[in-house]
Amino acid sequence: MIGYLIVSLVDFGLFSFILAKKRDKLAISCSLLCFVAGLYNLELFFLSYIKNLSLLYPLFQITRVGLFFSAPCLVLFSYMLINQRSVISKFVVIALFINSFIVMVVGFFVIP
């Protein structure tokens, strides 16, 4: 359970380190991937450590963003790493982010 917190802190450290060194598109997409991975690991830490449901519920709702946006951020990083010129790939990345946003909104408000 403490391992989730350690990995989350490492992810947030990588996020800060990458943004401090470079600001090009690849570095921003990599740091965004590290940030959502850190949020997701923080969510897993909260789920395994906090037993009080009234405290867990708002923290879970906030950190669940990492779960929803981890796949689109990974695809964005892969897109930036491999092929930045494909219009179809750009469309797929945008569609994934829109889809994740819709699922997140439904998860927050319709089916909490």
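A few points on the structure. Only a predicted model underlies this, so the values are computations on that prediction, with no experimental measurement involved.

1. Regarding the overall build of the chain
And step 1. Per the secondary structure count, the chain includes five helices and zero strands.
And step 2. Listing each helix as α and each strand as β along the chain from the N terminus yields α-α-α-α-α.
And step 3. For the chain, the spread of C-alpha atoms along the three principal axes comes to 50 × 35 × 15 Å.
And step 4. By residue count, 33% of the 112 residues in the chain fall in the buried class.
And step 5. Expressed as a percentage of contacts within the chain between residues at least 6 apart in sequence, the contacts between residues at least 24 apart total 66%.
And step 6. A total accessible area of about 7,200 Å² is found for the chain, and carbon and sulfur atoms account for 76% of it.

2. With respect to the packing of helix 2 (residues 25-49) against helix 4 (residues 65-82)
And step 1. Here helix 2 crosses helix 4 at 155°, and the two axes come no closer than 9 Å. Judged by the angle between their axes, helix 2 and helix 4 are roughly antiparallel. Of the two possible hands of crossing, helix 2 and helix 4 adopt the one that is left-handed. Counted together, Lys 25, Leu 26, Ser 29, Cys 30, Leu 32, Leu 33, Val 36, Leu 39, Tyr 40 and Glu 43 of helix 2 and Gly 66, Leu 67, Phe 69, Ser 70, Cys 73, Leu 74, Leu 76, Phe 77, Met 80 and Leu 81 of helix 4 form the full contact between these two elements.
And step 2. Residue composition of the contact of helix 2 with helix 4, by class: 15 nonpolar, three polar and two charged.

Conventions used here
Residues numbered from 1 in each chain as written. Predicted model: local features only at pLDDT ≥ 70, side-chain atom pairs only at ≥ 80, totals over all residues. Heavy atoms only, no water. Helix = DSSP H or I, 4+ residues; strand = E, 2+ residues; numbered from the N terminus. Buried < 20%, exposed > 50% of the residue type's maximum accessible area, 1.4 Å probe, protein only. Contact = heavy atoms within 4.5 Å. Areas by Shrake-Rupley, 256 points an atom, 1.4 Å probe, with all protein chains shown as cover. Axes fitted to C-alpha atoms, helices over the stretch in contact; angles between N-to-C directions. Parallel < 35°, antiparallel > 145°, perpendicular 65-115°, else oblique. Left-handed = near helix turned anticlockwise from the far one by under 90°. Nonpolar A, V, L, I, M, F, W, Y, C, P; charged D, E, K, R; others polar.

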